[in-house]
Amino acid sequence: MDDGKCKVLVYDNISETGLEHLSKDRYQVNADTGDPDAILLRSRNMQEMKINSSLKAVGRAGAGVNNIPVQRLSEAGIPVFNTPGANANAVKELVVAGLLLSCRNVIQAWQYTESLAGTPEEISAAVEIGKKKYAGSELPGRTLGIIGLGAIGRSVADTALQLGMRVIGHDPMLTVEGAWQLPTEVARASSVAEVLANADFITFHVPLTDDTRYMINEHTIRAIRPGASLLNFARAGIVEDSAVAKALSTGSLHAYTTDFPSPELIGTPGVIALPHLGASTVEAEENCARMVVEQIRDFLENGNIRNSVNFPAVMLPRGTSYRVVVTNANVPNMLGQISTAMAQGGLNIHDMINQSRNTLAYTVVDTDSPIAPDMVARLQAIDGVLHARIV
Ligand code: MLT
């Protein structure tokens, strides 16, 4: 921030509708810089990124953060933000499209029609053959299994019910808030296996983690109801492509609609593969960009934290113009040491909030008088403090 402006490095296609909220007098956006204050991105793989000492925040315009080294950033005291729900409708719509494409055999039928040639009579005859060959089934009365009942899973559940489907869902991480927002008609399964055994369509809406990697593999796929269809608009790696290709070839799976093509899947009969289009709508891109920019701004300008995947939620309306924020290890006596250092610096605390999440704690302190710049060094000298910043 040498010229007083925050440097925001932007990767991927982040909508201008969001970026324009980073005012030019305060932010240098997409600066060709090795020392960004914040990074905004979508799917770019940052796992091997070098964490520069200037970095204060990473914002993911989207839900998944498997492309971001969250653990290393946490250890460096840097919050990672995402935008849960901002693209839920876009993904939901593509899931619904996937349901219809697979149950009506639309892609195969379209490819068949594209290949037709001949006289009008010959084409009419071929149409009659296709009509029998690609006859499908309807959605009402069919069961949709949903693995993961976050914002997207809930939205899918809602629409599936409106389409007359039965819905069974499983999510071991379901929050109380999330459960309240779930339609009461959704049957709660106690395990993934219960969903697999009871659904005609199974859709995944979980992040890619060590627990969800290859959730569908050559063993678990055997639990799926014969003739069922899978939809994966969550992440590559949740479904093992080789297991799916095999199940499609034997007919035990009817179709696999996925946003994550791989050499094994491309051209395989029964696979409908798209180029990661789930969140790629104008509306979703704008929603995600606006949300992530607002959150990053509020963090850089006020130290507040909303929708972080590794930090606690912390919101403190400004009580005075003088504020310092501190990230520290979640161990005893940190608050005592922080407030002692501030008292020794002649500061009276006006208001403060401290929240923790796993191994991290975060404190926002408003003081009655200006905070001298050397207070940052004093706070950072405390054993366990990872980061301190005057905002
Ligand atoms: C997500 O995780 O929400 C999507 O991958 C967003 C995107 O396509 O960038």
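Since we're looking at a predicted model, the values are computed, not measured.

(A) Structural context of the environment of Gly85. Following the sequence through the fold, Gly85 ends up in the loop between β5 (80-81) and α3 (88-103). Sequence-wise, Gly85 and Gly150 are 65 residues apart; in three dimensions their C-alpha atoms are separated by 8.1 Å.

(B) Representation of the site of the ligand. Surveying the vicinity of the ligand reveals the residues Arg42, Ser43, Arg60, Ala61, Gly62, Ala63, Gly64, Asn87, Arg235, His276 and Ala279. Within the side chain of Arg60, an N or O atom sits 3.1 Å from an oxygen atom of the ligand. For the ligand, an oxygen atom lies 2.8 Å from a polar atom in the backbone of Gly64. If the ligand stood free it would expose 270 Å²; the protein chains cover 92% of that surface.

(C) Structural context of the packing of α3 against helix α6 (residues 151-162). Between α3 and α6, the least distance of the axes is 9 Å, while the angle of their chain directions is 50 degrees. As judged from the angle between their axes, α3 and α6 are oblique. Read as a crossing pair, α3 and α6 show a hand that is right-handed. Across the interface between the two elements, Ala88, Val91, Lys92, Val95 and Val96 of α3 pack against Ala151, Ile152, Ser155, Val156 and Thr159 of α6. In terms of residue class, the contact of α3 with α6 is built from 7 nonpolar, 2 polar and 1 charged.

(D) Unusual backbone geometry, seen in detail. Of note, the phi angle at Asn307 is positive, near 55 degrees, even though the residue is not glycine. Inspection of the secondary structure puts Asn307 in the loop between α10 (282-302) and β13 (322-329). Despite not being glycine, Asn333 has its phi angle at roughly 70 degrees, a positive value. By secondary structure assignment, the location of Asn333 is in the loop between β13 and α11 (334-344).

(E) Spatial organisation of the side chain of Thr258. Examined against the element boundaries, Thr258 turns out to sit in strand β11 (residues 253-258). Thr258 gets classed as buried once you look at its relative accessible area, which sits at 0%. Excluding its chain neighbours within four sequence positions, the residues that come into contact with Thr258 are Asn232, Leu265, Ile272, Ala273 and Leu274.

(F) Examining the domain arrangement of the protein chain more closely. Entries for the protein chain in the domain assignment read domain 1 (1-86 + 279-310), domain 2 (88-99 + 138-273) and domain 3 (312-391). The gap between the C-alpha centroids of domain 1 and domain 2 is 30 Å. In this assembly, 8 residues from domain 1 lie in contact with 6 residues from domain 2. Across the interface of domain 1 and domain 2, roughly 550 Å² is buried in total on both sides, 56% from carbon and sulfur atoms. Three residues stand out in domain 1 for area buried against domain 2, namely Asn66, Gly85 and Ala279, and they jointly supply 64% of the buried area on that side.

(G) Quick peek at the pattern of salt bridges. Evaluation of the coordinates by the stated rule reveals 10 salt bridges. Note that Arg297 and Glu301 form a salt bridge whose closest N and O atoms lie 3.2 Å from each other. Placement of the pair is Arg297 and Glu301 together in helix α10, with a separation of 4 residues, close to one helical turn. Residues joined by salt bridges that share partners form a network here, namely Arg26, Arg297 and Glu301.

(H) The sheet that holds strand β15 (residues 360-367), seen in detail. Strand order in this open sheet of 4 strands is β14-β15-β13-β16, and the pairing throughout is antiparallel. Whereas interior strands pair on both sides, the edge strands pair on one side only; in this sheet they are β14 (349-357) and β16 (385-390). Going from strand to strand, the sheet's axes swing by 15 degrees on average, the running direction of each strand aside. Note: β13 against β15, 8 bridges, orientation antiparallel. Each bridged residue has a counterpart across the sheet, and for Asn328 the counterpart in β15 is Ala361. Packing of α11 onto the sheet brings it into contact with β13, β14, β15 and β16, and relative to β13 it is tilted by some 145 degrees.

Thresholds applied
Residues numbered from 1 in each chain as written. Predicted model: local features only at pLDDT ≥ 70, side-chain atom pairs only at ≥ 80, totals over all residues. Heavy atoms only, no water. Helix = DSSP H or I, 4+ residues; strand = E, 2+ residues; numbered from the N terminus. Near = heavy atom within 4 Å. Polar contact = N/O pair within 3.5 Å; in protein donor to acceptor, adjacent residues only side chain to side chain. Areas by Shrake-Rupley, 256 points an atom, 1.4 Å probe, with all protein chains shown as cover. Axes fitted to C-alpha atoms, helices over the stretch in contact; angles between N-to-C directions. Parallel < 35°, antiparallel > 145°, perpendicular 65-115°, else oblique. Left-handed = near helix turned anticlockwise from the far one by under 90°. Contact = heavy atoms within 4.5 Å. Nonpolar A, V, L, I, M, F, W, Y, C, P; charged D, E, K, R; others polar. Buried < 20%, exposed > 50% of the residue type's maximum accessible area, 1.4 Å probe, protein only. Domains from an automatic or database assignment. Buried area = accessible area lost by both parts, 1.4 Å probe. Salt bridge = Lys/Arg side-chain N within 4 Å of Asp/Glu carboxyl O. Pairing = 2+ DSSP bridges.

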